[in-house]
Amino acid sequence: MHGRTAAGVPRWAVRAAYATTLTVLPSCVWRIAALNFDVPLLERTAEPAAGHGPVVFTGLWYVVVLSLVSEALAYLAFGLVSEWGEVLPRWIPGLGGRRVPILAAVIPAGLGAAALLIFPYALIMLGLGRMIDGTHHAGLVVHGWKAVAFVVAYAPLAAWGPLLGLLTVHYYRRRRAARPALRGPQVVQVG
């Protein structure tokens, strides 16, 4: 499904790429179930936190698109272990068959890994009953088994950034090591 694994990629890296996509899946399922299908996984409060506006989700499409985009972004981790992350597929007009510059993959993946560190922080703040900015949290309310379901669904997101960071460093090191050594001009003597 992700294409052929690139040469020199160890099994642990392929497993980490699979794990990256699986870290997002439980939260997507929870979000769609709770907000689109009204599965009783949360309770909404009447009063939102000061300055945060009401907790309103704009229906089916917002939640589904957010979930699909999240999963698609997580899927891009396979580019760090697959052939299509090193050589662009031939079906891409004008670019197909060209090698992917190392930094063209490393910079976005590294920035993404750094940005995803918001999830461990957000989960800690949520556990403390706070919003990301530190104010009192009053929008999402879960108790008992609902709290357990929420944690089970959202805790894996804390691993998304570190897994992506690990894969990014491995990709960079592997691709740099595979590059032919740059040599100066060679002198060839003829007979």
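Preceding this section is the structure that the text describes.
Given the structure is predicted, the values throughout are model-derived calculations rather than measurements. (Residues numbered from 1 in each chain as written. Predicted model: local features only at pLDDT ≥ 70, side-chain atom pairs only at ≥ 80, totals over all residues. Heavy atoms only, no water.)

Trainee: Is there a simple way to think about a nonpolar patch on the surface in this case?
Mentor: Taken together, the side chains of Leu-60, Trp-61, Val-65, Val-69, Leu-73 and Leu-76 present a nonpolar region at the surface, about 610 Å² in accessible area. Within the element layout of this structure, Trp-61 appears in helix H2 (residues 60-75). Classification of Trp-61 by relative accessible area gives exposed; the value is 63%. (Patch = residues over 30% accessible without salt bridge, like charges linked within 9 Å, V, L, I, M, F, W, Y side chains within 5 Å. Areas by Shrake-Rupley, 256 points an atom, 1.4 Å probe, with all protein chains shown as cover. Salt bridge = Lys/Arg side-chain N within 4 Å of Asp/Glu carboxyl O. Helix = DSSP H or I, 4+ residues; strand = E, 2+ residues; numbered from the N terminus. Buried < 20%, exposed > 50% of the residue type's maximum accessible area, 1.4 Å probe, protein only.)

Trainee: What's the story with the packing of aromatic side chains in this structure? I'm lost.
Mentor: For any pair of aromatic rings, the description rests on two quantities: the centre-to-centre distance and the angle between the ring planes. Counted under the stated rule, the structure contains 7 aromatic pairs. Summarising the aromatic geometry, the rings of Trp-30 and Phe-150 are spaced 5.2 Å apart at their centres and angled 80 degrees between planes, so their arrangement reads as edge-to-face. In this pair, Trp-30 sits in helix H1 (residues 11-35) while Phe-150 sits in helix H5 (residues 145-154), placing the two residues 120 residues apart along the sequence. Measuring from centroid to centroid gives 4.7 Å for Phe-150 and Tyr-154, while their planes differ by 20 degrees, and the two rings are stacked. Here Phe-150 and its partner Tyr-154 are both found in helix H5, 4 residues apart, which amounts to about one turn of the helix. (Phe/Tyr/Trp six-rings, centres within 6.5 Å; stacked < 30°, edge-to-face > 60°.)

Trainee: I keep staring at the pattern of salt bridges and nothing clicks. Help me out?
Mentor: Should their charged atoms come close, side chains of opposite charge can pair. Enumeration over the complete set of coordinates arrives at 2 salt bridges. Across the salt bridge formed by Glu-83 and Arg-4, the nearest N and O atoms sit 3.3 Å from each other. One end of the pair, Glu-83, is in the loop between H2 and helix H3 (102-115); the other, Arg-4, is in the segment before H1, and 79 residues separate them in sequence. Judged by its relative accessible area of 36%, Glu-83 falls in the partly exposed class. By relative accessible area, which is 61% here, Arg-4 ends up exposed.

Trainee: Before we go on, may I ask you to explain the packing of H1 against H2 in this structure?
Mentor: Two quantities define a packed helix pair, namely the angle between the helix axes and the distance between the axes. Contact pair H1 / H2: the axes reach a minimum separation of 9 Å and the direction vectors enclose 175 degrees. One way to sum up the angle between H1 and H2 is to call them roughly antiparallel. Residue-level contacts link Thr-20, Thr-21, Val-24, Leu-25, Cys-28, Arg-31, Ile-32 and Leu-35 of H1 to Val-63, Leu-66, Ser-67, Ser-70, Glu-71, Ala-74 and Tyr-75 of H2. Partitioned by chemical class, the residues of the contact of H1 with H2 number 9 nonpolar, 4 polar and 2 charged. (Axes fitted to C-alpha atoms, helices over the stretch in contact; angles between N-to-C directions. Parallel < 35°, antiparallel > 145°, perpendicular 65-115°, else oblique. Contact = heavy atoms within 4.5 Å. Nonpolar A, V, L, I, M, F, W, Y, C, P; charged D, E, K, R; others polar.)

Trainee: Quick question: what am I supposed to make of the nonpolar core here?
Mentor: Within soluble globular proteins, side chains that are nonpolar tend to cluster in buried spots. Counting 36 residues, the largest nonpolar core has Trp-30, Leu-80, Val-81, Leu-164 and Leu-167 as its most contacted members. Contributing elements (two or more residues each) for this core: H1, H2, H3, H5 and helix H6 (157-178). Examining the composition of this core, we find that 10 residues originate from one element, H1, more than from any other. (Core = buried A, V, L, I, M, F, W, Y, C linked by side-chain atoms within 4.5 Å.)

Trainee: Would you explain H2 in this entry?
Mentor: Along an α-helix, a turn takes 3.6 residues, which lines up residues three or four apart on a common side. Over its 16 residues, H2 runs 22 Å from end to end, which matches the ideal 22 Å to within 8%, given 1.5 Å per residue. Where the residues of H2 are buried, they touch H1 and H6. (Expected span 1.5 Å × (residues − 1).)

Trainee: Looking at this structure, I do not really get the packing of H3 against H6. What am I missing?
Mentor: Packing of H3 against H6 leaves a shortest axis separation of 8 Å and a crossing angle of 160 degrees. Our classification of the angle between H3 and H6 gives roughly antiparallel. You can see that H3 and H6 cross each other, and the crossing is left-handed. Only Gly-161, Leu-164, Gly-165, Thr-168, Tyr-171, Tyr-172, Arg-175 and Arg-176 of H6 make contact with H3, whose side of the interface consists of Ile-102, Leu-103, Ala-105, Val-106, Ala-109, Gly-110, Gly-112 and Ala-113. Classifying every residue of the contact of H3 with H6 gives 9 nonpolar, 5 polar and 2 charged. (Left-handed = near helix turned anticlockwise from the far one by under 90°.)

Trainee: Mind showing me how you'd approach H3 here?
Mentor: Helix length check: H3 (14 residues) gives 20 Å between terminal C-alpha atoms against 20 Å at 1.5 Å per residue, within 8%. Along H3, the residues classified as buried are Ile-102, Ala-105, Val-106, Ala-109 and Ala-113. For H3, the angular spread of the buried residues around the axis is 90 degrees, confining them to a single face. For H3, the secondary structure elements touched by its buried residues are H6. (Arc of directions from axis to C-beta.)

Trainee: Help me understand the environment of Ile-118, please; the structure alone is not making it clear to me.
Mentor: Within the secondary structure layout, Ile-118 lies in helix H4 (residues 118-127). Taking the C-alpha atoms as reference points, Ile-118 and Ile-132, separated by 14 residues in sequence, lie 8.8 Å from one another.

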